[in-house]
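Fold and geometry: a report
Spelled out from the first residue to the last, the chains are:
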Amino acid sequence: MKKGFLFCFGYFLLFIVFSCAKEENYFDEGQVEIEYSQEASMANIFYSKIYQISRNEVEYIESIEEIGPDNKEHMSLNDSCAKTYYYLDSNNIFISYLEIVFNDTGCISRGRKKFGKLKVYLTGGLNEPGTFMTIIPEGFFLKGKKVEGTIVVNNLGFNQNHMLEYNKKVIDGKICLNANRYFTWNSNALIKIDFFKQEMTYETNAEAINRNGRSYTVGTIEPLVSGFNCRYFQSGELELKSDWGLHQILDFGDEDCDNKAMLWQDLKTVDLDLY
């Protein structure tokens, strides 16, 4: 009886040791894990898209010659799926609050399906240096993924190279992949807009927790670049790393406007289709 007990106990300890060893090596260095880079590219593209949607709507309304307190609703000319409602500040000088509403679940515009509401708050004119734009998605879905968090964009004005600069933060970001799985995202980015070259450059640092609860960071090695007429990043590199063994490079290519990127891990590469 005693020998049987010792055998079972020893087997139990052996099981624990191998179970823990398996958990320790959760990240297989021989395999290129693509979920982290997929999340990073999705977050960068989705939160940039939300900012661009909001900016386009404010810019259009500000361009209307006679904007007054009674002109509070209009159909968007930028997006056929959107309806906007805006309110001016107490002095009727600038748009202080804007709602962009997508209420048709079947409507697709500019290649993406959108649904829900974007609540936009401004502290001044869109293109005035020092203006803050705060964007809060409310029940908002982009390409079937629910996007949450607060986006704060600060207009820094033109730099010495005549490029318009913005600082963009994502606070308490969360993207739901399905009903049960999501990842979180907090980032701080510098955006530079070159009107002569008609392109945007993007540098970011981010902290994320992936769909399986593993934390990692994302940082820019080479600035991400996208032309005004391309909705994808066309070049640039991001580094993904963690204190548990993740180290990857996400390369967005050589200026082609496509949804392709290459993921490097050690000497291995994987081609990725981006969102």
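Presented here is an overview of the structure given in this document. Remember, it's a predicted structure, so these values are computed and weren't measured experimentally.

In this structure, Lys143 is a non-glycine residue whose phi angle is positive, near 55 degrees. Summarising the element assignment, Lys143 is placed in the loop between strand S6 (132-142) and strand S7 (145-158). Given the relative accessible area of 36%, Lys143 is considered partly exposed. At Asp266, a residue that is not glycine, the phi angle is positive and equals roughly 55 degrees. Among the structural elements, Asp266 can be located in the loop between strand S14 (260-265) and strand S15 (268-273).

To continue, consider the packing of aromatic side chains. Here the structure, examined in full by the defined rule, presents ten aromatic pairs. With 6.2 Å between their ring centres and 70 degrees between their planes, Phe195 and Phe228 make a pair best called edge-to-face. Of this pair, Phe195 sits in the loop between strand S9 (182-194) and strand S10 (199-209) while Phe228 sits in the loop between strand S11 (215-227) and strand S12 (235-241); the two residues are 33 residues apart in sequence, bridging distant segments of the chain. You can call Phe228 partly exposed: its relative accessible area is 40%. Three or more aromatic residues link up through ring pairs in this structure, and these residues are Tyr36, Tyr216 and Trp244. One cation-aromatic arrangement involves Lys174 over Tyr182; the distance from NZ or CZ to the ring centre is 4.2 Å. A cation sits over an aromatic face here: Arg214 above Trp244, 4.1 Å from the ring centre.

Next up on the list: the pairing of S9. Two elements, strand S8 (residues 164-176) and S9, share eleven bridges in a ladder whose sense is antiparallel. Bridge assignment links Val170 to a residue of S9, and that residue is Ser187. Here S8 hands over to S9 after five residues, the two strands then running antiparallel side by side. Alignment of S9 against S10, held across eleven bridges, turns out to be antiparallel. Note that in S10 the partner of Asp194 across the bridge is Glu199. Between the end of S9 and the start of S10, which pair antiparallel, lie four residues, with Gln198 showing a positive phi angle near 55 degrees.

Reading the values: rules and limits
As a convention, each chain's residues are numbered from 1 in the sequence order in which they are written. Note on the predicted model: pLDDT of at least 70 is required for a residue's local features to be given, and 80 or more for side-chain atom pairs to be given and counted; whole-chain, interface and lining totals, by contrast, use all residues. With hydrogens and water excluded, all non-hydrogen atoms of the structure serve as input to the side-chain values. Helix and strand assignments follow DSSP, with helices taken as H or I runs no shorter than four residues and strands as E runs no shorter than two, numbered in order from the N terminus. For the exposure calls, accessible area comes from a 1.4 Å probe over protein chains only, and a residue counts as buried if that area is under 20% of its type's maximum, exposed if over 50%, partly exposed in between. Stacked, tilted and edge-to-face are the three classes assigned to paired rings of Phe, Tyr and Trp, where Trp is represented by its six-membered ring and a pair needs centres within 6.5 Å; plane angles under 30 degrees give stacked, over 60 edge-to-face, the rest tilted. Sitting over a ring, as applied to charges here, requires NZ of Lys or CZ of Arg to be within 6 Å of the ring centre and within 35 degrees of the ring normal. When DSSP finds at least two bridges between two strands, those strands are taken to pair.

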